[in-house]
Every structure is written in structure tokens, then in C-alpha cells.
Amino acid sequence: MSIAEDVEKIARIEAVPMILEVVCRTTGMGFAAVARVTEDRWIACAVRDEIAFGLVPGGELEVGTTICDEIRQSGQAVVIDHVAEDAEFRGHPTPAQYGFQSYISQPIFRDGQFFGTLCAIDPRPAQLKNPAVMGMFKLFAELIAQHMESQDRLAESQAQLLSERHAAELREQFIAVLGHDLRNPLASIQAGGRLLAKTALDSRARMLVSAMQASVMRMAGLIDDVMDFARARLGGGFEIERRTDANLREAILLAVEELRLANPDREIVAEIALDAAVACDSGRVAQLLSNLLANALRHGEDSGAVSVRAATAEGRFALSVANAGPPIPPDRQAVLFQPFERAEHHHGQQGLGLGLYIAAEIARAHGGTLNVVSDPAETRFTFSMPLAAH
């Protein structure tokens with residue numbers, strides 16, 4: 001940190017002018033200052049001058065001509081009631097050079113390191129060698145140090161916050177651009193796969209084309225996730241069009257069927273009982289369900305069925321997905337809905353860790369909640385929302 005920054009730091013401490021005034025009024029001395037003292041410089045950071053000593057904030061003295069230089073080396077306060085009668089200092093060149101008879105200087109330590117001094121001088125003698133005055137100077141020096149340390153911590157926190165915000169903004173902008181630019185080449189691959197599927201192919205070629213199409217669908221889902229994430233972070237949240245939709249049942253069944261086709265060796269059981277109209281964005285609800293189902297299939301036991309339940313009751317719509325498997329530890333449950341959080345699982349596949357976050361954001365956009373209950377019997381995610389929009 002530069003000397004100029006140190007001077008500015010002291011100037012920002014609102015208590016310093018009052019401290020210097022109290023020092024002068026209590027001791028009867030006419031000049032008081034907070035000084036930054038290094039091996040080669042003595043700089044006044046704050047000054048109260050009632051004797052026309054001639055120093056202003058930022059002003060300097062030759063450090064070798066000051067007693068503060070000796071305090072820097074010893075780390076001990078110096079107190080002189082009357083230079084002419086003081087055996088140690090009556091022959092010292094500094095009092096004669098600067099014309100003072102009384103002097104007191106208390107070292108200031110910042111984070112355990114010598115910073116400078118709180119000092120006062122006067123051409124007249126003064127009664128300084130008493131516990132009240134010396135204790136006051138020590139207390140004021142510690143107070144000044146605490147203020148500086150608080151400023152340092154605040155500046156460090158602000159710098160860290162700005163750095164984290166900048167990194168987050170860059171990441172989110174990168175995700176948005178990347179997701180957008182990946183769509184065109186992916187669409188070309190998808191179109192090529194459709195054309196190949198319509199041509200005469202042997203069984204191995206058909207299997208390869210089917211695998212390519214499955215990979216394309218997975219990539220499309222990942223791109224949708226990053227785009228939704230970027231829109232949510234950069235645009236202030238998910239946008240939904242909530243309206244009474246008669247196609248909600250069909251949207252739910254379609255999402256279930258898509259996951260059945262993608263996982264032909266897994267059992268998905270769906271129970272749907274919609275006895276009342278639901279004001280929602282059916283497309284977003286289907287997306288929420290798709291994310292929950294994909295999560296259940298990825299993390300649940302291969303031999304266990306995944307169940308989907310959708311129902312209306314007591315003025316609310318509830319949609320749940322449950323799977324068998326090891327329970328989710330409580331510490332993992334606490335962060336499941338945060339972005340880029342991924343649970344460990346036995347299938348060896350890793351997503352971006354955005355599926356549950358996006359599902360939770362969709363639930364929030366509907367004025368609802370998304371909760372998880374996990375025990376040795378099952379893990380169940382439940383989305384609940386009011387039937388009517390408010």
C-alpha cells in the first residue's frame with residue numbers, strides 16, 4: 001500500500017479530528033498529529049495545529065530529525081514533560097530543532113506491524129507522565145489502528161465481491177453465447193440423422209444412427225438447460241405464461257413417453273388424476289417433470305420402477321417423481337437445487353448439474369415449491385403449486 005493511500009485512509013476516519021482535539025484540550029498542547037513513519041519518511045496524515053507549527057496533512061519532516069524514528073525502532077512510547085529538565089532528552093537535537101519543551105508520542109500498530117505514531121508537542125512544559133494521559137494516548141492509538149484494519153477488511157471484501165460478480169457475469173454470458181452458437185451445428189446433425197434414418201441401412205448402421213439421434217437429443221437438452229440458466233440469471237428469472245391449459249395431462253404424458261423411449265429397459269409408472277383446472281405453463285411443467293424423471297432414472301436403482309404422480313386436491317396441483325435407491329445424505333439435499341451441483345451416482349454419467357436448479361426455478365415461477373424427501377424406502381421430489389394464479 002502506498003504512502004498516499006495510508007494518508008487517505010487516516011483522512012477517512014471520522015474520529016481522528018475529534019481525537020486530535022481531545023488530545024490538545026486534555027493536555028493543553030498546541031500541536032497534535034497522526035503520522036505515517038517508515039525507515040525513510042515521516043508524513044503527517046492528520047494535523048491539529050494551534051501553535052503555527054506549519055505542518056498540514058501530507059506534509060513531511062526529515063525522518064532522521066524526529067523522535068518518531070526512534071519509536072519506530074523501539075516500538076515504545078516516548079513521554080517528555082519538560083525537555084530542559086529531562087536527563088535523557090535535554091541534549092537531544094530534535095527538541096532544539098523544532099522548538100518544543102513537551103512531547104508525547106504513542107506508536108500505532110496495524111495488523112501487528114508498525115504504522116506510525118499519535119504524537120503531540122508544545123513549546124511549553126506539560127504534565128504528561130501520568131496514567132490518565134498515557135492511557136488516553138494508548139487507547140486512541142489502538143482505536144485508530146482498529147479503524148484502519150476495519151477499512152482494510154471492508155476493502156478486501158468489496159474487492160472480492162466485485163471479482164466474484166465479474167466472474168459470475170462472464171460465466172453466464174459465456175454460457176448464453178455458447179448455448180446459442182451450438183444450436184445451428186446441432187440442428188444440422190439432427191437433420192442429417194433424420195435423412196439417414198429414411199434411407200436403406202443395414203442393422204448396424206441403423207443402430208449407429210439411432211445412437212447418434214439419442215446423443216443429439218441429449219445435447220439439445222443440455223443446451224436448453226444452459227440457455228434457461230443464462231436467461232434466469234441474466235434476465236432476472238424464468239418467464240412463464242400461466243393460463244388454464246386443458247393440455248396439461250397430454251404434456252405430462254408426452255414427457256413420460258419421451259423418457260420411456262429413451263430408456264426402454266426401465267419401468268416408468270404414471271398415475272394422473274387431474275380433477276380440476278390448473279393455471280400453469282404446461283410446457284414448463286413438462287420440462288420440470290422431464291428433468292425430475294431424468295434425474296430419477298439416472299440416480300435410481302436399475303431394477304426399480306420410477307413412479308410419476310400428478311393430482312389436484314384442496315386447491316393445489318401436485319406432481320411427484322419417486323425412485324428406489326440409496327437415500328440422499330442431508331448435506332447433499334441442502335444444495336441439490338443450486339446450479340452446477342451434481343450428485344454422485346453409479347451410472348458413470350454426469351450432466352451439467354442444472355436440471356434440478358431449473359426445475360426449482362420453474363416451480364418458483366409458478367408460485368410453488370419443489371421439495372425432496374429421501375429415505376431408504378424411496379427418494380421423492382414433489383412440485384406443489386396453487387391451482388389458480390394470483
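Just so you know, these numbers come straight off a predicted model, no measurement behind them. (Residues numbered from 1 in each chain as written. Predicted model: local features only at pLDDT ≥ 70, side-chain atom pairs only at ≥ 80, totals over all residues. Heavy atoms only, no water.)

**Student:** For this particular structure, what's the right way to read the packing of aromatic side chains?
**Tutor:** What describes a pair of aromatic rings is the distance from one ring centre to the other and the angle between the planes of the rings. Taken as a whole and judged by the stated rule, the model has six aromatic pairs. Geometrically, the ring pair formed by Phe 53 and Tyr 98 is tilted, given 6.0 Å between the ring centres and 50 degrees between the ring planes. One end of the pair, Phe 53, is in the loop between β2 (42–49) and β3 (60–61); the other, Tyr 98, is in helix α4 (residues 93–98), and 45 residues separate them in sequence. Ring centres of Phe 109 and Phe 114 lie 5.9 Å apart, and the angle between their planes is 75 degrees; this geometry places the pair in the edge-to-face category. The rings of Phe 31, Phe 53 and Tyr 98 are connected pair by pair, giving a single aromatic cluster. (Phe/Tyr/Trp six-rings, centres within 6.5 Å; stacked < 30°, edge-to-face > 60°. Helix = DSSP H or I, 4+ residues; strand = E, 2+ residues; numbered from the N terminus.)

**Student:** Quick question: what am I supposed to make of the sheet that holds strand β6 (residues 113–122) here?
**Tutor:** The pairing of strands in a sheet happens through backbone hydrogen bonds and is either parallel or antiparallel. Read from one edge to the other, the open sheet built from six strands follows the order β3-β2-β1-β6-β5-β4, with strand pairing classed as antiparallel. One side of each edge strand has no neighbouring strand; the edge strands of this open sheet are β3 and β4 (78–80). In this fold helix α1 (residues 3–11) packs onto β1 (31–37), β2, β5 (102–110) and β6, with an angle of close to 25 degrees to the strand it touches most, β2. (Pairing = 2+ DSSP bridges. Contact = heavy atoms within 4.5 Å. Axes fitted to C-alpha atoms, helices over the stretch in contact; angles between N-to-C directions.)

**Student:** It is not clear to me how the packing of helix α7 (residues 248–262) against helix α8 (residues 282–299) should be interpreted in this structure. Could you clarify?
**Tutor:** Axis separation between α7 and α8 bottoms out at 9 Å; the angle between their running directions is 30 degrees. Considered as vectors, α7 and α8 are oriented roughly parallel to each other. Handedness of the α7/α8 crossing: right-handed. In contact with Leu 248, Ala 251, Ile 252, Ala 255, Val 256 and Leu 259 of α7, α8 contributes Ser 282, Val 285, Ala 286, Leu 289, Ser 290, Leu 293, Ala 294 and Leu 297. Of the residues in the contact of α7 with α8, the class split is 12 nonpolar, two polar and no charged. (Parallel < 35°, antiparallel > 145°, perpendicular 65-115°, else oblique. Left-handed = near helix turned anticlockwise from the far one by under 90°. Nonpolar A, V, L, I, M, F, W, Y, C, P; charged D, E, K, R; others polar.)

**Student:** Looking at this model, I keep getting lost on unusual backbone geometry. Mind explaining?
**Tutor:** With the exception of glycine, most residues fall at negative phi, and the peptide bonds are largely trans. Although it is not a glycine, Ala 52 adopts a positive phi angle of roughly 55 degrees. Locating Ala 52 in the fold gives a position in the loop between β2 and β3. Residue classification places Ala 52 among the exposed positions, given a relative accessible area of 70%. For Asp 111, which is not glycine, the phi torsion reads 55 degrees and is therefore positive. (Buried < 20%, exposed > 50% of the residue type's maximum accessible area, 1.4 Å probe, protein only.)

**Student:** What is the right way to read the pairing of β5 from this model?
**Tutor:** Put simply, side chains in a regular strand alternate between the two faces of the sheet. For β5, a buried count of eight out of nine residues is recorded, marking the element as mostly surrounded by other parts of the structure. Taken together, the three bridges between β4 and β5 define a ladder with antiparallel strand orientation. Opposite Val 78, over in β5, you have Ser 105 as the bridge partner. Relative to β6, β5 runs antiparallel, the two sharing nine bridges. Opposite Gln 106, over in β6, you have Leu 118 as the bridge partner. Between β5 and the antiparallel strand that follows it, β6, lie two residues; Asp 111 among them carries a positive phi value of about 55 degrees.

**Student:** Honestly, the pairing of strand β12 (residues 369–374) in this entry has me stumped. Any pointers?
**Tutor:** Of the two faces of β12, the one lined by Leu 370, Val 372 and Ser 374 is fully buried and the one lined by Thr 369, Asn 371 and Val 373 carries no buried residue. Two strands pair when backbone bridges link them, and β12 and strand β13 (residues 379–386) are joined in this way by six bridges, in the antiparallel orientation. Residue pairing for β13: Leu 370 is matched across the bridge by Phe 383. Adjacent in sequence and paired antiparallel, β12 and β13 are bridged by four residues.

**Student:** Is there a simple way to think about the environment of Ala 322 in this case?
**Tutor:** Along the chain, Ala 322 falls in strand β11 (residues 316–323). Look at Ala 322 and you get buried, because its relative accessible area is 3%. Discounting chain neighbours no more than four positions away, the residues touching Ala 322 are Ala 305, Val 306, Ser 307, Glu 378, Thr 379 and Arg 380.

**Student:** For this particular structure, what's the right way to read the nonpolar core?
**Tutor:** Nonpolar side chains tend to gather and get buried jointly when the protein is soluble and globular. Counting 42 residues, the largest nonpolar core has Leu 289, Leu 293, Phe 317, Leu 319 and Phe 383 as its most contacted members. For this core, the secondary-structure elements that each account for two or more residues are α7, β8 (268–273), α8, β10 (306–313), β11, α10 (355–365), β12 and β13. The element that contributes the greatest number of residues to this core is α8, accounting for eight residues. Aside from chain neighbours lying at most four places away, what touches Leu 289 is Ile 252, Ala 255, Val 256, Val 308, Leu 319 and Val 321. Core analysis: the next-biggest nonpolar cluster, separate from the first, contains 31 residues, Ile 3, Ile 13, Leu 20 and Cys 24 among them. (Core = buried A, V, L, I, M, F, W, Y, C linked by side-chain atoms within 4.5 Å.)

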